[in-house]
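Each chain, letter by letter, is given below.
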Amino acid sequence: MTFEPLSRQSVSDQVFGRLRDAIVSGRYPAGDPLPSERELATAFDVNRHAIREALRRLQQLGLVKVSQGGATRVLDWRATAGLDLAMALSAAGDVLPVETLIRDVLEMRACVGADAARLCATRADEAARQAVVEAAEAYASAAPDLEQMGAADRALWRRIIEGSGNIAYLLAFNSLTAGTLAVGTVPPHRRTAELLDVAAHRNLAALISAGDAAGAEREARALLAVPTQIGAPR
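Keep in mind that what you see is a predicted model, and the values were worked out from it rather than measured. Along every chain, residues carry numbers that run from 1 in the direction the sequence is written. Only residues with pLDDT of 70 or above have their local features reported here, since the model is predicted, and side-chain atom pairs are shown and tallied only from 80 upward, although totals for entire chains, interfaces and linings are computed over all residues. Note: side-chain values were computed over all heavy atoms of the structure, leaving out hydrogens and water.

1. With respect to the overall build of the protein
- Numbering goes from the N terminus for both helices and strands, where a helix is a DSSP run of H or I of at least four residues and a strand is a run of E of at least two. In terms of regular secondary structure, the protein is built from 12 helices and two strands.
- Evaluated residue by residue, the protein yields a buried proportion of 44% over its 234 residues.
- Throughout, a contact is declared for two residues whenever any of their heavy atoms are within 4.5 Å. Within the protein, contacts between residues at least 6 apart in sequence are counted, and of these 67% link residues at least 24 apart.
- Looking at the protein as shown, the accessible area adds up to about 11700 Å², and 51% of this sits on carbon and sulfur atoms. A simple rule labels every residue: compare its accessible area, found with a 1.4 Å probe on the protein chains alone, to the largest value its type can have, and call it buried under 20%, exposed over 50%, or partly exposed in between. All accessible areas in this document rest on Shrake-Rupley with a 1.4 Å probe, and a residue is counted as covered only by the protein chains that are shown.

Quick look at the structure:
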């Protein structure tokens, strides 16, 4: 396999990105060895330090296994990678080897959000429930400014997920809102309808405040499913 020589700016980032995309897209199948450091350095026209740094990052993402003195083997990323890979792919910008990534993350977001709403209605104390209601009103007061509403909506969901008491959900939320696929920066045609539904957000907060777990889950699922139902390019 050949690669075009790279510019000297962010060399290790470019090597990492191209190898990441080659692995995720299947150009290097699971179980295959990558070329040696020397061969990669020649192919990319960079020094071996840049290659080692790129391989280290690939290993951190669960894409390869680096063996000292042996071949670097490609792993089956579907079995070994985590949410960090989704964030790395979304940050790629010009290359997105997983065509359904935006859809897939939105579907995961809907599932996590619905269950977090259920748990928040069940587990949250009075102070946490009141914080959800106040966050919903802060979101509503930001209308019709979509940028401000997006920030306020993320703040509302943080309150809901904190109130759920589920640390795994909170860490997933942190990953999603820190990356390019933060809920406020998904394609506008997938986000606006959800974001402008002030009544649904207020109703969700009221259901959580009332301790209606089933109602909160149902309302959250319906609200978060909106972006996944709008027919548009992925």
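2. What about the layout of surface pockets?
- Buriedness of a pocket was judged along seven lines, with at least five required to meet protein on both sides within 12 Å; pockets are open sets of points on a 1 Å grid over the protein atoms alone, cavities are sets where a 1.4 Å probe fits but cannot get out, and lining residues have an atom within 4 Å of a point. Grid points are joined across faces, edges and corners, and a volume is the space filled by probe spheres set on the points. In this structure, the largest pocket occupies an estimated 280 Å³ of space.
- In terms of residue class, the lining of the largest pocket is made up of five nonpolar, seven polar and four charged. Ten residues, namely Ala, Val, Leu, Ile, Met, Phe, Trp, Tyr, Cys and Pro, are considered nonpolar, four, namely Asp, Glu, Lys and Arg, are considered charged, and the remaining ones, Gly among them, are considered polar.

3. Topic: the nonpolar core
- Counting 31 residues, the largest nonpolar core has Val15, Leu19, Ile23, Ile51, Leu58 and Leu63 as the members making the most contacts within it.
- Mapped onto this core, the elements with two or more residues apiece are helix H1 (11–24), helix H2 (37–44), helix H3 (48–60), helix H5 (83–90) and helix H6 (101–123).
- For this core, the element with the highest residue contribution is H1, accounting for seven residues.
- The contact partners of Leu58, leaving out residues within four places of it in the chain, are Phe16, Leu19, Arg20, Ile23, Leu63 and Val64.
- Residues belong to one nonpolar core when they are buried, are Ala, Val, Leu, Ile, Met, Phe, Trp, Tyr or Cys, and are joined through side-chain atoms within 4.5 Å. Listed in part, the 27 residues of the second largest apolar core include Ala116, Leu119, Ile160 and Leu207.

4. Structural notes on the packing of H6 against helix H11 (residues 198–209)
- Interhelical geometry of H6 versus H11 gives an angle of 40° and a closest axis separation of 8 Å. As judged from the angle between their axes, H6 and H11 are oblique. Taking contact as the criterion, the partners of Ala117, Cys120 and Ala121 in H6 are, on H11, Leu204, Leu207 and Ile208.
- When its residues are assigned to classes, the contact of H6 with H11 shows six nonpolar, no polar and no charged. Every axis corresponds to a line fitted to the C-alpha atoms, with the helix fit spanning only the stretch in contact, and the corresponding angles, defined between N-to-C directions, vary from 0 to 180 degrees. The labels follow the angle: roughly parallel below 35 degrees, roughly antiparallel above 145, roughly perpendicular from 65 to 115, and oblique for the rest.

5. Description of the pattern of salt bridges
- What makes a salt bridge here is a side-chain nitrogen of Lys or Arg within 4 Å of a carboxyl oxygen of Asp or Glu, nothing more. Inspection of the entire model under this criterion finds 10 salt bridges.
- Across the salt bridge formed by Glu53 and Arg56, the nearest N and O atoms sit 2.4 Å from each other. With Glu53 and Arg56 both in helix H3 and three residues apart, the pair spans about one turn of that helix.
- In this structure Glu53 comes out as partly exposed when scored by relative accessible area, which is 24%.

6. Notes on the packing of helix H7 (residues 126–141) against helix H8 (residues 146–164)
- At a closest axis distance of 8 Å, the pairing of H7 and H8 adopts a crossing angle of 170°. For the element pair H7 / H8, the angle class is roughly antiparallel. Contacts from Ala131, Val132, Ala135, Ala136, Ala138 and Tyr139 of H7 reach H8 at Met149, Ala152, Asp153, Leu156, Arg159 and Ile160.
- Here the contact of H7 with H8 is built from residues that sort into 10 nonpolar, no polar and two charged.

7. Topic: the side chain of Glu219
- Its place among the elements puts Glu219 in helix H12 (residues 213–229).
- The sign given to each residue is positive for Lys and Arg and negative for Asp and Glu; His and the chain ends receive no count. Summary of buried charges: Glu219 has no salt-bridge partner, and the nearest side chain of opposite charge, Arg218, is 6.5 Å away.
- Every residue in contact with Glu219, bar those within four places of it in the chain, is listed here: Ala200, Asn203, Leu204 and Leu207.

8. Details of H8
- Taking 1.5 Å per residue as the helical rise, H8 with its 19 residues ought to reach 27 Å, and the 27 Å between its terminal C-alpha atoms agrees with that figure.
- Those residues of H8 that fall on the buried side of the exposure criterion are Met149, Gly150, Ala152, Asp153, Leu156, Trp157, Ile160, Ile161, Gly163 and Ser164.
- In the analysis that follows, any N or O atom pair within 3.5 Å is treated as a polar contact, provided that within protein one partner can donate a hydrogen and the other can accept it, and provided that, for residues neighboring in sequence, both atoms belong to side chains. The distance from a side-chain oxygen at the start of H8 to the backbone nitrogen of Glu147 is 3.0 Å, and the residue carrying that oxygen is Asp145.
- Trailing H8 by a residue or two, Gly165 shows a phi angle of about 75°, which is positive. Multiplying one less than the number of residues by 1.5 Å gives the expected span of a helix.

9. Some remarks on the confidence of the model for the protein
- Chain-level statistics for the protein give a pLDDT mean of 85 and a share of 84% at 70 or above.
- Looking at any residue, its pLDDT shows the predictor's confidence there, from 0 to 100. Per-element confidence in the protein is highest for H7, whose mean pLDDT is 98, and lowest for helix H10 (residues 188–195), whose mean pLDDT is 75.
- In the model, residues 180–185 has pLDDT below 50 throughout and makes 17 contacts with residues more than four positions away in sequence or in other chains.

10. Comments concerning the packing of aromatic side chains
- Each Phe, Tyr or Trp ring, with Trp reduced to its six-membered ring, pairs with another whose centre is within 6.5 Å; inter-plane angles below 30 degrees give stacked pairs, above 60 give edge-to-face pairs, and intermediate values give tilted ones. Counted under the stated rule, the structure contains zero aromatic pairs.
- Definition used: whenever NZ (Lys) or CZ (Arg) falls within 6 Å of the ring centre and also within 35 degrees of the ring normal, the charge is taken to sit over that ring. The aromatic ring of Phe16 is capped on one face by Arg57, whose charged end is 4.0 Å from the ring centroid.

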